[in-house]
Amino acid sequence: MTIHQKTESTGELFWFNGTLATIRIPGKAGVDNISVIEHLMPYGASPPLHIHRNEDEVFHILEGVMRFNVAGKDIIAHAGQTVLAPKGIVHSFRVESAGGARCLTVTTGSDFEQMVRQVGMPAPEAKIPPHEMPTPEVIAALTEACARNGIDVVGAPLS
C-alpha cells in the first residue's frame, strides 16, 4: 500500500516534523476552537513522547497502520480506527506501514495547531517533505514551541 501523496481538498499546507500537515479546520473557525489537521506521514514518522496540558488529542486513521503508546500502553490502529490521547497523559505514535500513513488529528483549543504553525513551514506542494534528520537546533526549536503551546516533551520518538 502506498499512501496518497496529494491531498484533494483545501486547507493550509505545512511541512511539519517530516510530515505534511494540512489544517482542514482552524480552531478560530468555530466557537469551541476545534482544530482538524490532516497528516500525511512516511514510514517510521514519530513525534517525541509528549503530554498536552490543555487539550485531548484524537487521531482518526484514514490510511495505513500506526502504533500508539498512550500512558505506556501500545495500541495498533488501522485505517478506520480512532485513538484518544487524553490531556495530561504521556503519548506518542509511530507510522508502521511501509507506505506511510494518513490520519486526522482533532483537538479542542488551539495549542497543537499554533505549534504546527510556529514550527512548520508553508509547504510549496501537497507532498511529504524530503527526508532530513533533525538537527539539535531543530529539536530545540520544536521543544521550545511545544512548551509555549501547552505541550511538554518528555521523551524520545518511538523506535
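See the structure printed just above.
Please read all numbers here as calculations on a predicted model, not as lab measurements.

A. Local environment of the overall build of the chain. Scanning the chain for helices and strands turns up two helices and twelve strands. Going from the N terminus to the C terminus, the chain shows its helices and strands as β-β-β-β-β-β-β-β-β-β-α-β-α-β. At 14 Å, the chain has a C-alpha radius of gyration in line with the 15 Å of a compact globule built from 159 residues. Reported as C-alpha extents along the three principal axes, the dimensions of the chain are approximately 35 × 35 × 35 Å. Each of the 159 residues in the chain was classed as buried or not, and the buried ones make up 44%. Contacts in the chain between residues at least 24 apart in sequence constitute 73% of all its contacts with a sequence separation of at least 6. Accessible surface, the chain as shown: approximately 8,000 Å² in total, 58% of it carbon and sulfur. Side chains of the chain give 12 positive and 17 negative charges; the mean places of these two sets differ by 2 Å.

B. How the structure looks around the side chain of Asn69. In this structure, Asn69 sits in strand S6 (residues 65-70). Judged by its relative accessible area of 15%, Asn69 falls in the buried class. Separated by 3.2 Å, the side chain of Asn69 and the backbone nitrogen of Gly72 make a polar contact. At 2.9 Å, the side chain of Asn69 forms a polar contact with the side chain of Asp74. Setting aside anything within four residues of it in sequence, one finds Asn69 in contact with Asp74, Val90, His91, Ser92 and Leu158.

C. View of the nonpolar core. Counting 14 residues, the largest nonpolar core has Met41, Phe59, Ile61, Met66 and Phe68 as its most contacted members. For this core, the secondary-structure elements that each account for two or more residues are strand S5 (57-63), S6, strand S8 (82-85), strand S9 (91-95) and strand S10 (101-108). With three residues, the top contributor of residues to this core is S6. Sequence-distant contacts of Met66, that is, excluding residues within four places in its chain, are made with Met41, Ile61, Ile75, Ile76, Ala77, Phe93, Arg94, Val95, Glu96, Ala101 and Cys103. In this structure, Phe14, Ile23, Leu142 and Ala145 belong to the second largest nonpolar core, which totals twelve residues.

D. Main features of the layout of surface pockets. Taken as a whole, the largest pocket holds about 980 Å³ of empty space. Lining the largest pocket are 31 residues, with Asn17, Gly18, Glu132, Met133 and Pro134 positioned closest to its centre. Of all the elements in the fold, those that place two or more residues in the lining of the largest pocket are strand S1 (12-16), helix H2 (136-148) and strand S12 (151-157). Of all the elements, H2 adds the most residues to the lining of the largest pocket, at five residues. Among the residues making up the lining of the largest pocket, the classes are represented as 21 nonpolar, nine polar and one charged.

E. Region of the structure containing unusual backbone geometry. In the Ramachandran plot, Asn17 falls in the positive-phi region, its phi being about 50° despite a non-glycine side chain. With respect to the helices and strands, Asn17 occurs in the loop between S1 and strand S2 (19-25). For Ala71, which is not glycine, the phi dihedral falls at a positive 55°. You can see Ala71 is positioned in the loop between S6 and strand S7 (73-78). Classification of Ala71 as exposed rests on a relative accessible area of 54%.

F. Just the side chain of His52, in detail. In this fold, His52 is placed in strand S4 (residues 48-52). Given the relative accessible area of 1%, His52 is considered buried. At 3.3 Å, the side chain of His52 forms a polar contact with the side chain of His50. Here Glu57 takes part through its side chain, which lies 2.8 Å from a polar atom of the side chain of His52. The residues contacting His52, other than those within four sequence positions of it, are Glu57, Lys87, Gly88, His91, Phe112, Gly150 and Ile151.

Calculation notes
- For every chain, the first residue of the written sequence is number 1, and numbering continues from 1 along that sequence.
- Only residues with pLDDT of 70 or above have their local features reported here, since the model is predicted, and side-chain atom pairs are shown and tallied only from 80 upward, although totals for entire chains, interfaces and linings are computed over all residues.
- Each side-chain value is worked out from all heavy atoms of the structure, with water and hydrogens disregarded.
- Secondary structure follows DSSP: runs of H or I at least 4 residues long count as helices, runs of E at least 2 residues long count as strands, and numbering of each begins at the N terminus.
- Note on method: radius of gyration uses C-alpha positions; expected globular size equals 2.2 Å times residues raised to 0.38.
- Relative accessible area decides the class of each residue, using a 1.4 Å probe on protein chains only: under 20% of the type maximum gives buried, over 50% gives exposed, and in between gives partly exposed.
- It only takes one pair of heavy atoms within 4.5 Å for two residues to be counted as in contact.
- Residue exposure ignores everything except the shown protein chains as possible cover, and the areas themselves are Shrake-Rupley values with a 1.4 Å probe.
- Only four residue types enter the charge count, namely Lys and Arg as positive and Asp and Glu as negative; His and the chain termini do not.
- Taken as the charge centre is NZ of Lys, CZ of Arg, CG of Asp or CD of Glu, depending on the residue.
- The definition of a polar contact used here is a pair of N or O atoms within 3.5 Å, where within protein one atom must be able to donate a hydrogen and the other to accept one, and adjacent residues in sequence count solely through side-chain atom pairs.
- Residues belong to a common nonpolar core when they are buried Ala, Val, Leu, Ile, Met, Phe, Trp, Tyr or Cys residues joined through side-chain atoms within 4.5 Å.
- A cavity here means a set of points on a 1 Å grid, drawn over the protein atoms and nothing else, where a 1.4 Å probe fits but cannot get out; a pocket is an open set with protein on both sides within 12 Å along at least five of seven lines, and a residue lines either one if it has an atom within 4 Å of a point.
- Grid points are joined across faces, edges and corners, and a volume is the space filled by probe spheres set on the points.
- Note on residue classes: Ala, Val, Leu, Ile, Met, Phe, Trp, Tyr, Cys and Pro are nonpolar, Asp, Glu, Lys and Arg are charged, and everything else, Gly too, is polar.

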